[in-house]
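Below are the chains, spelled out letter by letter.
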Amino acid sequence: MRLDRYKNYYKGGIYHIYNRGNNKENIFLDKNDYIFYLIVLKKYLEKYDAVLLGYCLMPNHIHFEIKQNSEIPLSKCMGGLHTSYSNYFNKKHNRIGHLFQGRFKAKEVKSEAQLLELIFYIHLNPVSAQLVKLPDDWVWSSAQDYIGIRNGTLPDKRIILNLLEGLGAYNKIMIEKLERQNWVEIENILFD
């Protein structure tokens, strides 16, 4: 049986997609690994008509907020992406075997509150892992795009910024969350 049948992917659905390295090992070892992954991600998003609302690439795992715009399930996009990246990574780093710890996880975003909390959770990931002090210090996420430091074309910020009524509201909420740093509250909303 295909695993797709157990997931309720549908046109217009928004999902939190995440996965990590096999045995919690790093899946990005240098700057070029991150860049290659983002290039291939963009290719597969376009191929399967999916929109990336936000992302964060961590040394040993990934987080995405993705909207599916077609009837083709996101599993096709993610399967192609991770196969391509694994082949590149294994060849480059002279290794064999699975790079990712099983199949990616997908959790449907069911409300506007979850949609908004998820983008902050994704952007705060490097802060909670103590890799940086501020989300905009981590270049491998869409935080710099949302904060206004970078004007990248990979994430589509319109849905989230429209809900927040602009960049100013995003920055204000991010500052509040950094001051509180209440990760348990955020995780409870996202993973109920």
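For every chain, the first residue of the written sequence is number 1, and numbering continues from 1 onward in sequence order. Local features in a predicted model are, by the rule used here, given only for residues with pLDDT of at least 70; side-chain atom pairs are given and counted only at 80 or more, and totals for whole chains, interfaces and linings are based on all residues. As a convention, hydrogens and water are excluded, and side-chain values are obtained from all of the structure's heavy atoms.

K.L.:
Whenever I open this one, the pattern of salt bridges confuses me. Can you help?
P.N.:
Pairing between side chains of opposite charge can happen when the charged atoms of each approach one another. Just to be clear on terms, a salt bridge is a Lys or Arg side-chain nitrogen sitting within 4 Å of an Asp or Glu carboxyl oxygen. Counted under the stated rule, the structure contains five salt bridges. Between E117 and K177 there is a salt bridge, and its shortest N-O distance comes to 3.0 Å. Of this pair, E117 sits in helix α3 (residues 112–128) while K177 sits in helix α6 (residues 167–180); the two residues are 60 residues apart in sequence, bridging distant segments of the chain. A salt bridge links R150 to D145; the nearest nitrogen and oxygen atoms lie 3.0 Å apart. By relative accessible area, which is 24% here, R150 ends up partly exposed. Buried, partly exposed and exposed residues are distinguished by accessible area as a fraction of the type maximum, computed with a 1.4 Å probe on protein chains only: under 20%, between the cut-offs, and over 50%, respectively. Classification of D145 by relative accessible area gives buried; the value is 2%. Taken together, the salt bridges that share partners define one network made up of D30, D33 and K92. Think of it this way: any DSSP run of H or I at least four residues long counts as a helix, any run of E at least two long counts as a strand, and we number them from the N terminus.

K.L.:
Got a minute to help me understand the packing of aromatic side chains in this structure?
P.N.:
Given two aromatic rings, their pairing is described by the distance between the two centres and the angle made by the two planes. Two rings belonging to Phe, Tyr or Trp (six-membered ring only in the last case) form a pair when the distance between their centres is within 6.5 Å. Interplanar angles under 30 degrees mark stacking, angles over 60 mark edge-to-face geometry, and anything in between is tilted. By the definition in use, this model includes 15 aromatic pairs. An angle of 10° between the planes, with centres 4.5 Å apart, marks the rings of Y34 and W140 as stacked. Note that Y34 is positioned in helix α1 (residues 31–47) and W140 in the loop between α3 and α4 (143–147), a separation of 106 residues in sequence. Here Y34 falls in the buried class, since its relative accessible area comes to 7%. On the basis of relative accessible area, W140 is assigned to the buried category, the value being 15%.

K.L.:
It is not clear to me how the layout of surface pockets should be interpreted in this structure. Could you clarify?
P.N.:
In this approach, a probe sized like a water molecule rolls over the atoms, and the result shows the empty space that is left. In this structure, the largest pocket spans a volume of roughly 220 Å³. When residues of the lining of the largest pocket are traced back to their parent elements, those giving at least two are β1 (14–20) and β3 (61–68). Grouping the amino acids of the lining of the largest pocket by side-chain chemistry returns two nonpolar, five polar and three charged. Using a grid of 1 Å spacing that covers the protein atoms alone, one calls a set of points a cavity when a 1.4 Å probe fits there but cannot get out, and a pocket when the set is open and has protein on both sides within 12 Å along at least five of seven lines; lining residues are those with an atom within 4 Å of a point. Grid points are joined across faces, edges and corners, and a volume is the space filled by probe spheres set on the points. Its boundaries defined by the atoms lining it, the second largest pocket holds a volume of some 180 Å³. Lining the second largest pocket, in full, are L38, K42, Y55, V139, W140, D145, R150, G152, T153, L154 and P155. By the convention adopted, Pro, Cys, Tyr, Trp, Phe, Met, Ile, Leu, Val and Ala count as nonpolar, Lys, Arg, Asp and Glu as charged, and the other residues, Gly among them, as polar.

K.L.:
Just checking my understanding: could you explain the pairing of β3 for this structure?
P.N.:
Successive residues of a regular strand alternate their side chains across the two faces of the sheet. Counting buried positions along β3 yields seven of eight residues, so the element is predominantly enclosed. Two strands pair under a simple rule: DSSP has to find at least two bridges between them. With seven bridges connecting them, β1 and β3 associate as antiparallel partners. Considered in β3, the bridge of I17 is made with F64. When strand β2 (residues 50–57) meets β3, the two strands line up antiparallel, connected through seven bridges. Each bridged residue has a counterpart across the sheet, and for A50 the counterpart in β3 is Q68. Connecting β2 to the next strand, β3, in antiparallel fashion are three residues.

K.L.:
Hey, could you run me through the nonpolar core in this one?
P.N.:
The nonpolar side chains of a soluble globular protein tend to be buried, and buried together. Residues I17, Y37, L57, F64, I66 and Y170 are the most contacted members of the largest nonpolar core, which totals 59 residues. It is α3 that provides the largest number of residues to this core, a total of nine residues. With near-sequence residues (within four places) excluded, L57 lies in contact with F28, Y34, Y37, L38, I62, F64, W138 and W140. Among buried residues, the Ala, Val, Leu, Ile, Met, Phe, Trp, Tyr and Cys ones that are joined through side-chain atoms within 4.5 Å form a nonpolar core. By the convention used here, residues are in contact when the closest approach between their heavy atoms is within 4.5 Å.

K.L.:
Hey, could you run me through α3 in this one?
P.N.:
An α-helical segment advances 3.6 residues per turn. Residues three or four places apart therefore align on the same side. Helix span is expected to be 1.5 Å times the residue number reduced by one. Spanning 17 residues, α3 covers 23 Å between terminal C-alpha atoms, matching the ideal 24 Å at 1.5 Å per step. Across the chain, bend at a residue is computed as the angle between axes fitted to the seven residues ending at that point and the seven starting from it. A bend of about 30° at I122 is the largest found in α3, and the proline P126 appears one to four places after it. Downstream of α3 by one or two residues, Q130 has phi in the positive range, about 60°.

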